[in-house]
Amino acid sequence: MSKITHSLNKNSLITLAGTVGVGKSTLTNTLADALGFDASFEKVDGNPYLEDYYSDFKKWSFHLQIYFLAERYKQQKRMHETGIGYVQDRSIYEDVGIFAKLQYDNGNMTDRDFETYESLFEAMVMSPYFPKPDVLIYIDGSLPRIMDRIKQRGRQMEMNTPHSFWEDLYFRYANWISKFEECPILHLDIDSYDCHDPESVKEIVRSLEVLQTDPNMKYLKFKSNLQRL
Ligand SMILES: Nc1ncnc2c1ncn2[C@@H]1O[C@H](COP(=O)(O)OP(=O)(O)O)[C@@H](O)[C@H]1O
Ligand SMILES: Nc1ncnc2c1ncn2[C@H]1C[C@H](O)[C@@H](COP(=O)(O)O)O1
């Protein structure tokens, strides 16, 4: 994707949120290229707990959450120190508000572990390394379409995970975003944009500009020109 002229602040933080497989990493790459920002990813390869976690949630949930929190802290510190614009693949709010909570609610994290995890999270977000994003892009779509993408990507550990887990995650996301108030939201449906179409990416960038410049604008549901016709 070639660069797009835009008026976003040079040190903006645009964070992508959405359930597993919905298309965050793909859009992170596209937008970072288009905006001339750096992309910051959640690393899956090399995660020492992820496969074990998918095979035994009860045994590994706490370990995995602590690992993700530590990685996120390092990621945020790096971003803060460079002082440039970033597109970030997934927010810390999802770790605690969705993933850790899901496992706690399902009996896979004890009260003690969940409280320890939450207090670590609270201490971290109070540090200067955790500015609120300028805009959170929430990617959404139908569960069957998202399941197709998980299958198409082909991470074995995810494909072996029961459908009920993905369903639980999916509905938790819908509930979480309806209450999210940390920063303005751009709500994208996977059928409303095309990462390979420069016009579509331009329209997303224009929506980001609106959300960054208008202090009254807290939520925008993205509609492309194609949808408006
Ligand atoms: N806009 C898109 N159109 C078609 N396929 C997509 C699109 N975005 C992502 N995909 C595909 O869906 C799968 C999951 O995408 P990915 O970006 O890895 O999701 P996430 O980071 O949210 O888990 C990948 O196989 C990717 O190629
Ligand atoms: N905080 C998390 N807890 C459990 N699992 C998590 C967490 N953050 C990410 N994950 C998992 C979900 C996926 O299997 C991979 C990567 O997520 P993706 O949405 O594909 O970027 O890690």
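Numbering of residues starts from 1 in every chain and runs along the sequence as written. Here chains are named by letter from A upward and ligands by number from 1 upward, in the order in which they appear as written. Predicted model: local features are reported for residues with pLDDT of at least 70 only, side-chain atom pairs are reported and counted for 80 or more only, and whole-chain, interface and lining totals are derived from all residues.

Student: Describe in detail the site of ligand 2, supporting the description with residues and values.
Tutor: Think of it this way: take the backbone, place a C-beta atom on it, and check whether that atom is within 6 Å of the molecule or strand, in which case the residue is near it. Around ligand 2 lies a shell of 14 residues, among which Val20, Val44, Phe68, Asp95 and Phe99 are the nearest. At three residues, the largest contribution of residues to the shell around ligand 2 is made by helix α3 (residues 57-82). Gly is put with the polar residues, along with every residue not named as nonpolar or charged; the nonpolar set is Ala, Val, Leu, Ile, Met, Phe, Trp, Tyr, Cys and Pro, and the charged set is Asp, Glu, Lys and Arg. Its residues placed into classes, the shell around ligand 2 shows six nonpolar, three polar and five charged. Each helix is a run of DSSP H or I of at least 4 residues and each strand a run of E of at least 2, with the numbering of both proceeding from the N terminus.

Student: I'd like a rundown of the sheet that holds strand β4 (residues 135-140), residues and numbers included.
Tutor: At least two bridges found by DSSP between two strands are what make those strands a pair. Spatial ordering of the open sheet is given by β2-β3-β1-β4-β5-β6, a layout of six strands whose pairing is parallel. Single-partner strands in this sheet number two, and they are β2 (38-40) and β6 (219-221). Ignoring strand direction, the axes of neighbouring strands in this sheet form an average angle of 20 degrees. Relative to strand β5 (residues 185-189), β4 runs parallel, the two being bridged by five bridges. Note that in β5 the partner of Ile137 across the bridge is Leu186. With respect to the sheet, helix α1 (residues 24-35) is in contact with β1 (13-17), β2, β3 (86-89) and β4, its orientation differing from that of β3 by roughly 175 degrees. For helices, the axis comes from a line fit to the C-alpha atoms of the stretch in contact; other axes are also lines fit to C-alpha atoms, and the angle between any two N-to-C directions lies between 0 and 180 degrees. A residue pair is marked as a contact if its C-beta atoms, positioned from the backbone, fall within 7 Å.

Student: Now, about the packing of α3 against helix α5 (residues 111-125): what can you tell me, with residues and values included?
Tutor: Close contact between α3 and α5 brings their axes to 11 Å; oriented N to C, the two are set at 5 degrees. Accordingly, the angle class assigned to the pair α3 and α5 is roughly parallel. Where α3 approaches α5, its residues Phe62, Gln65, Ile66, Leu69 and Tyr73 are matched on the opposing element by Asp113, Tyr117, Leu120, Phe121 and Met124. Of the residues assigned to the contact of α3 with α5, the class counts are eight nonpolar, one polar and one charged. Geometric relationships in this document are graded by angle, where less than 35 degrees denotes roughly parallel, more than 145 denotes roughly antiparallel, 65 to 115 denotes roughly perpendicular, and other angles denote oblique.

Student: For the pairing of β1, give the residues involved together with the corresponding values.
Tutor: Three exposure classes are used, based on other C-beta atoms lying within 10 Å of a residue's own C-beta, which is placed from the backbone: buried for 20 or more, exposed for 12 or fewer, and partly exposed in between. Burial analysis of β1 places five of its five residues in the buried class, the great majority of the element. Residues Leu13, Thr15 and Ala17 of β1 are buried on one face, and the alternating residues Ile14 and Leu16, pointing to the opposite face, are buried as well. Two strands pair when backbone bridges link them, and β1 and β3 are joined in this way by four bridges, in the parallel orientation. Within the sheet, the bridge partner assigned to Leu13 lies in β3 and is Tyr86. Relative to β4, β1 is paired through four bridges, and the arrangement is parallel. When the bridges of β4 are listed, Thr15 appears paired with Leu136.

Student: Kindly report on the packing of helix α4 (residues 92-105) against helix α8 (residues 163-179), identifying the contributing residues and their values.
Tutor: Running from N to C, α4 and α8 point in directions that differ by 135 degrees, and their axes come no closer than 10 Å. As judged from the angle between their axes, α4 and α8 are oblique. Crossing angle aside, the handedness with which α4 passes α8 is right-handed. When α4 is examined against α8, the residues Gly97, Ile98 and Leu102 are found in contact with a partner set consisting of Asp168, Leu169, Arg172, Tyr173 and Trp176. Counted by class, the contact of α4 with α8 contains five nonpolar, one polar and two charged residues. If you view the pair so one helix is near and one far, a crossing is left-handed when the near helix is turned anticlockwise from the far one by less than a right angle, and right-handed when it is turned clockwise.

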